[in-house]
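Residue-level listing of the chains:
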Amino acid sequence: MRVSVIGCGHLGAPHAAAMAELGHEVIGVELDPGKCTALGDGIAPFYEAGFEDLLARHTSSGRLRFTTDLAEAADFADLHFVTVGTPLREDGRGYDVSQVIGAVRSLVPLLRGPATIVGKSTVPVGTVARLQEIVDAGARGSGVELIWNPEFLREGHAVQDSLFPDRIVVGLTSPRAREMVEEVYAPILARGVGLIVTDPPTAEVIKSAANSFLTTKISFINAIAEVCEFVGADVNMVAHAIGIDTRIGHGGMRPGIGYGGGCLPKDVAAFTHRVGELGARHAHELLSAVESVNAGRPLAAVELIEKANGGPISGRVIALLGASFKAGTSDVRDSPALRLAGQLAERGAVPVIYDPEALAAARTLYPELAYADTAERAVTDADLVVLATEWPEFTTDPKLPVAAAGLVRRKVLVDVRNAVESGMWLAAGWEVWQLGRQPQLPEAH
């Protein structure tokens, strides 16, 4: 098929590359000229695991190209994915859907025959109905259809999740629209992936509900971590045991400093606001509590760091391993790791940050903080080491505890992601502190 992808950020660019991988001819629309040129040259403007290889392969093959001209995409494609951003409004109450409305309003008059517009951006309930009015007014009976196909991508796994999704959800109203969806996703559906066909409002709610349930699980296990700290229990064992229950599962059940990034925080904030507008009081109270637990996690991490330090941390040099909001991506939007760094600095500590992929983005967003270009430089002369993002080179490389032991002032690791295999750190003489668990001391103690 001939496909356009309108908006080539963290959602759109991997989706465009994935569509090319599925065998389609794809044109991506990116209005930022510099970013558009980089994408066209096969250079990823951000890190996302596996994305740059896929991008380079299909820009070289000619199956994938990029333009700043929406009219070029309108002439080229029969199916148009809308993947522009929907940030929170400035007041923090609901989504700003102006980019989605603007994209559809600009695209519709350019379409000269039957076409399908596929929305993927996360939007509040009722947005598709508003967009349908724009399509009806601008298409003038030319056979333009609007459907909604929410994304369920995990940053750091966007390529994998695009090509091997758990399910495909689509809200539509006509047999022809369903045929288009089945055609564009044919290689995925052929593997037995389920296609859930529903109406547009239900598709809108499915996306918001899925992210809200995930954040509820994350906040729940973080709340249980607090209980474990009071009674001396081990939250990792609690999570493992309750996750065996098939009604619960292990996904999202690792305690830490909370969720972040460009999706979950804004999606839950917007959904919480919207259910409040609708008058769904109990849902609003539940989601507000989820947000409250998450907001308190960096402070819980600071308090654990102070315990590991034996008191106030003013003047302490703290190596902070990780800046991105999770491993596998360079995205630092709403990063718990950087929120933690800021709170440490407010208490007089000197955080020195290293991240294998997100340093440039972190420096741009938080230029007042200190950074190191390698993990070794970050830990040199550090009073404590804090693991803030679960990159594999921090959590599984047995050489790091040994190398760092000879560089730090004190061998104290505070793992606020509960991600390390503590045995290799203990063997190298380190104390290991984790949220929701008792401190682990090397045998020499």
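What counts, and at which threshold
- Residues numbered from 1 in each chain as written.
- Predicted model: local features only at pLDDT ≥ 70, side-chain atom pairs only at ≥ 80, totals over all residues.
- Heavy atoms only, no water.
- Pairing = 2+ DSSP bridges.
- Helix = DSSP H or I, 4+ residues; strand = E, 2+ residues; numbered from the N terminus.
- Expected span 1.5 Å × (residues − 1).
- Buried < 20%, exposed > 50% of the residue type's maximum accessible area, 1.4 Å probe, protein only.
- Contact = heavy atoms within 4.5 Å.
- Phe/Tyr/Trp six-rings, centres within 6.5 Å; stacked < 30°, edge-to-face > 60°.

## Concerning the sheet that holds strand β14 (residues 431-434)
Argument step 1. A sheet is described by the order of its strands in space; here 6 strands give the open sequence β11-β10-β9-β12-β13-β14, paired in parallel fashion. Looking at strand neighbours, the two that pair on one side only are β11 (370-371) and β14, the edges of this open sheet.
Argument step 2. Of the pairings in the sheet, the one linking strand β12 (residues 384-387) to strand β13 (residues 412-415) comprises 3 bridges and is parallel in character. Paired with L387 across the strands is D415, a residue of β13.

## Here we look at unusual backbone geometry
Argument step 1. Located in the positive-phi region is D334, a residue other than glycine, with phi close to 50°.
Argument step 2. As for its placement among the helices and strands, D334 is situated in the loop between β9 (317-321) and α15 (336-346).
Argument step 3. Residues other than glycine seldom take positive phi values, yet N418 does so here, at roughly 50°.
Argument step 4. Along the chain, N418 falls in the loop between β13 and α20 (422-427).

## Here's the deal with helix α12 (residues 264-278)
Argument step 1. The terminal C-alpha atoms of α12, which comprises 15 residues, lie 21 Å apart, in line with the 21 Å expected from a rise of 1.5 Å per residue.
Argument step 2. Most of α12 is tucked away, with 11 of its 15 residues classed as buried.
Argument step 3. Three or more residues of α12 are buried, namely L264, P265, K266, D267, V268, A269, A270, F271, T272, H273 and V275.
Argument step 4. Where α12 is buried, its residues contact α10 (200-231) and α13 (281-295).

## What to know about the packing of aromatic side chains
Argument step 1. Evaluated as defined, the whole model comprises 5 aromatic pairs.
Argument step 2. Judged by centre distance (6.0 Å) and plane angle (70°), the rings of Y354 and F394 are edge-to-face. Here Y354, found in strand β10 (residues 350-354), pairs with F394, found in helix α18 (residues 392-395); they are 40 residues apart in sequence, far enough to count as distant.
Argument step 3. For F394, a relative accessible area of 1% puts it in the buried group.
Argument step 4. Between W425 and W430, the aromatic rings sit 5.0 Å apart at their centres with planes inclined by 85°, giving edge-to-face as the arrangement.
Argument step 5. W430 sits in the buried class, given a relative accessible area of 0%.

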